[in-house]
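# Per-entry structural report
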Amino acid sequence: MADGVAADPMGALLELAHDIVRISSDSNRAAGGGGEGGRGGDLFRKECADLVRKVSSLTSLFEEIRDLMGGCSSWTSPEDPWWSDLAAALQAAKRLLSVASIFDPASSSEGDAKKITFRFQRVTWKLEKALGELPYDQFNICEEVMEQVDLVRAQLKRAAGKYGPMNSNLLSRTMSQPSIKDLDLIQSGRAIGTLHIQNTQNVDHEVSAIFRSIPKPIALNRQSSDRTITVSTNLMASSKVCSSDADKNVLSASTQEENTDEKCSKEDKNSGAVTVPDDFLCPITLDIMRDPVIVATGQTYERSYIQRWIDNGNLTCPKTQQKLQNLTLTPNYVLRNLIIQWCSTHNIQQPTGIVNGKIKNIDGTFCDITGEMATIEALVLKLSGQSIVDIRTAVTEIRSLSKRRTENRILIAEAGAIPPLIRLLTSEDVLIQENAVTSILNLSIYEDNKGLIMLAGAVPSIVQVLRSGSMEARENAAATLFSLSLGDENKIIIGSSGAIPALVDLLQTGSTRGKKDAATALFNLCMYQGNRGRAVRAGIISALLMILTASGHCMVDEALVILSVLSSCHEAKAAIMKAGMIPVLIDLTRTGLSRNKENAAAILLSLCKRDAENLGCISRLGAVIPLTALARSGSERAKRKATSLLNLLHRHHKQTALDLS
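Everything quoted here is computed from the prediction, not taken from an experiment. (Residues numbered from 1 in each chain as written. Predicted model: local features only at pLDDT ≥ 70, side-chain atom pairs only at ≥ 80, totals over all residues. Heavy atoms only, no water.)

## Quick look at the overall build of the protein
Tallying secondary structure elements over the protein gives 32 helices and eight strands in all. Within the protein, the fraction of its 661 residues that count as buried is 53%. A separation threshold of at least 6 residues defines the contact pool for the protein, and within that pool the share at least 24 residues apart is 72%. Only carbon and sulfur atoms are counted for the fraction: they give 52% of the accessible area of the protein, which is about 29,400 Å². (Helix = DSSP H or I, 4+ residues; strand = E, 2+ residues; numbered from the N terminus. Buried < 20%, exposed > 50% of the residue type's maximum accessible area, 1.4 Å probe, protein only. Contact = heavy atoms within 4.5 Å. Areas by Shrake-Rupley, 256 points an atom, 1.4 Å probe, with all protein chains shown as cover.)

Here it is in structure tokens:
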């Protein structure tokens, strides 16, 4: 196997990345099947999905480098530091997902959960460091792939910043630890079922799991200890051992890991890191609570997460597993104020700016909002009433308030308006539906509200409005999807919800404003690679061709920008060629505005890379003359794209002449 790695090092990285995606898909299928032990891992579902999405996004980079190498292993080898660091980071991610995806809080301690959280931090640092060392200049990587890599690196950097600083000694030890230390059982007496990997086609299988609620924890049957445990022992090989032998090995690895985690935690404390009090963390997410509420058992949770738990039919306390005698959620104001004060003392971003009926201004002073809170709470109460007149009045006023100030958006969300507003999206009253979707759009402008809206399950109802609402409601539904899709994970959820066909339909049949809103949302959603195929299958290519050939020349900029993103997708390339779009693109390099020329050239270049047939096509259609002019007098980006394409055409002509001779 080592020989195989040396012969095809990038292929080895690709296989690792595919293994990571398969682990996620297998875990999600197990959860969906409801099999024994199949509902573990929900505590870290978000972290797992986020890690898988980042690794999946890197497959384009690995494929690009492998294709550019053309099978020549001398370009890189497993001895290269950047390659070995990247392989080690992917291996660590693979092992972490194998454990986190089946983690069961019901049969594990809080300390175990914290250790896994710390391991996510370490994997984030490993990936960020490895990608930072990759010699991008050595490979002629296309601009579209580099943009995707830059996005992943930015996400990793933000995630690393969220976790907090990791000093150089800790990072060095983390990067150099032997791979076996990353494998552990959550508890010494608990066995892990077989991690058998089966083929899957796409990371999109993870999406349904993200949509599902946090289910009730189920302890694994002790008889599962007879199952086979797959332990990764080198870069691309795994050995299967029976649990009787594996328990000893894995337990030893677990002990080493625990010691490492304890040392790392101590060093982290010594380096000035602040330890968050356990009482401030939601038992479900292990994040600092922003709206803590008390359930019937006396346990405190973050409101949005425990509400989602209850809404999906769970009638027990997630932490104690006791049956809830009632479903009342009582605000824990004392704890919320303690959290806010603690965050302020330690210079940590506060979950909310509201303290004792006052909201913090930009200059640090506080403004009394007791009256506004009472008004908004009364309006929110009316949203769930029986009177259509009262509902219509309340939702209209909330729309108006949410449009005016950031403080209002915070207060409206704090008052619990988001769930009833989502319910009103299905109202048969046109005015109520329009005002409800516009209110959600306004609320989503405030960053913290995006997560609350997604967590409340708003997307399916927004998509329904997008399909069948009035034109104003459809326009604002599209704008809402754009606003929500600014979150990277949300792109996956929205893309799997059926939103893309509805957006393509609005792009074709909507008003001018509706078309612009649809185009903006589609562009953002297609930044996630898995959504590009969905857009093509929904007919986006023909819709964009209609825009490019329309007499009014409206939205040509938007259409070309979307095409430039899609053109890196094989399915989109085939659809573009089939639609006969090449002559239109060539004409734009000749007669379009400066920005349109460079985008048209970029699309043509993407279509023709490693495709002799497409090169021959644009050559026959007379692309050389406008491309030559663009290479001389276009913008800097246009010059680069045109020159690269002319070089490809030159090599193609040369090869064609040799073949004929």
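## Overview of the sheet that holds strand E3 (residues 292-294)
If you trace the three strands from one edge of the open sheet to the other, you get E4-E3-E5, paired in antiparallel fashion. Two strands close off the open sheet at either side, each with one partner strand: strand E4 (300-302) and strand E5 (330-331). (Pairing = 2+ DSSP bridges.)

## Brief notes about the confidence of the model for the protein
For the protein, mean pLDDT is 74; residues scoring 70 or higher make up 72% of the total. Within the model, pLDDT remains below 50 along residues 71-75, and this stretch shows nine contacts once partners closer than five positions in the same chain are excluded. (pLDDT = per-residue confidence, 0-100.)

## Looking at the packing of helix H29 (residues 594-608) against helix H30 (residues 612-620)
At a closest axis distance of 7 Å, the pairing of H29 and H30 adopts a crossing angle of 135 degrees. Classified by the angle between their axes, H29 and H30 sit oblique to one another. Contacts between H29 and H30 involve Leu604, Leu607 and Cys608 from the first element and Asn614, Leu615 and Ile618 from the second. Counted by class, the contact of H29 with H30 contains five nonpolar, one polar and no charged residues. (Axes fitted to C-alpha atoms, helices over the stretch in contact; angles between N-to-C directions. Parallel < 35°, antiparallel > 145°, perpendicular 65-115°, else oblique. Nonpolar A, V, L, I, M, F, W, Y, C, P; charged D, E, K, R; others polar.)

## As for the packing of helix H31 (residues 624-633) against helix H32 (residues 636-660)
Packing of H31 against H32 leaves a shortest axis separation of 8 Å and a crossing angle of 140 degrees. The orientation of H31 with respect to H32, classified from their angle, is oblique. Handedness of the crossing formed by H31 with H32: left-handed. Across the interface between the two elements, Val624, Leu627, Thr628, Leu630, Ala631, Arg632 and Ser633 of H31 pack against Ala638, Lys639, Ala642, Thr643, Leu645, Leu646 and Leu649 of H32. (Left-handed = near helix turned anticlockwise from the far one by under 90°.)

## Some remarks on the nonpolar core
By size, the foremost hydrophobic cluster in this structure holds 98 residues, and its most contacted members are Leu507 and Ile540. Other than its neighbours up to four places away in sequence, Leu507 contacts Lys515, Ala518, Ala519, Leu522, Ile540, Ala543, Leu544, Ile547 and Met555. Grouped together as the second largest cluster of nonpolar side chains are 49 residues, Leu90, Ala92, Ile116 and Phe120 included. (Core = buried A, V, L, I, M, F, W, Y, C linked by side-chain atoms within 4.5 Å.)

## A few points about unusual backbone geometry
With a phi angle near 65 degrees, Gln321 is a residue other than glycine that sits in the positive phi range. Mapped onto the elements of the fold, Gln321 is located in the loop between helix H11 (303-311) and E5. Judged by its relative accessible area of 30%, Gln321 is partly exposed. Positive phi outside glycine occurs at Met555, with the angle close to 65 degrees. Following the sequence through the fold, Met555 ends up in the loop between helix H25 (540-549) and helix H26 (556-566).

## Concerning the packing of aromatic side chains
Geometry of an aromatic ring pair is reported as the spacing of the ring centres plus the angle between the planes. Enumeration according to the criterion identifies one aromatic pair in this entry. Between Phe280 and Trp342 the ring centres are 5.8 Å apart and the planes differ by 75 degrees, which places this aromatic pair in the edge-to-face class. With Phe280 in the loop between helix H10 (243-270) and E3 and Trp342 in helix H12 (residues 333-345), this residue pair connects regions lying 62 residues apart in the sequence. Each of the two residues, Phe280 as well as Trp342, counts as buried. (Phe/Tyr/Trp six-rings, centres within 6.5 Å; stacked < 30°, edge-to-face > 60°.)

## Considering the pattern of salt bridges
For the coordinates displayed, the defined rule picks out 16 salt bridges. Here Glu475 and Arg513 are joined by a salt bridge, their closest N and O atoms 3.3 Å apart. Residue Glu475 is located in helix H20 (residues 471-484), and its partner Arg513 is located in helix H23 (residues 512-525); the two are separated by 38 residues in the primary sequence. Because the salt bridges share partners, they merge into one network encompassing Asp19, Arg22 and Lys94. (Salt bridge = Lys/Arg side-chain N within 4 Å of Asp/Glu carboxyl O.)

## Remarks on helix H17 (residues 430-444)
Look at H17: 21 Å from first C-alpha to last across 15 residues, which is about the 21 Å you get at 1.5 Å a residue. The distance from a side-chain oxygen at the start of H17 to the backbone nitrogen of Leu431 is 3.1 Å, and the residue carrying that oxygen is Asp429. (Expected span 1.5 Å × (residues − 1). Polar contact = N/O pair within 3.5 Å; in protein donor to acceptor, adjacent residues only side chain to side chain.)

## Concerning helix H14 (residues 388-404)
Relative to the 24 Å expected for 17 residues at 1.5 Å per residue, H14 spans 25 Å between its end C-alpha atoms, a close match to the ideal helical length. Those residues of H14 lying buried are Ile391, Ala394, Val395, Ile398, Leu401 and Ser402. Each buried residue of H14 lies within a common arc of 125 degrees when the element is viewed along its axis, so the set occupies one face. In H14, the exposed positions that point more than 90 degrees away from the buried face belong to Val389, Lys403 and Arg404. (Arc of directions from axis to C-beta.)

## With respect to the environment of Arg640
Take Arg640: it is sitting in helix H32. Remark: the alpha-carbon pair of Arg640 and Glu598, spanning 42 residues in sequence, is separated by 9.1 Å.

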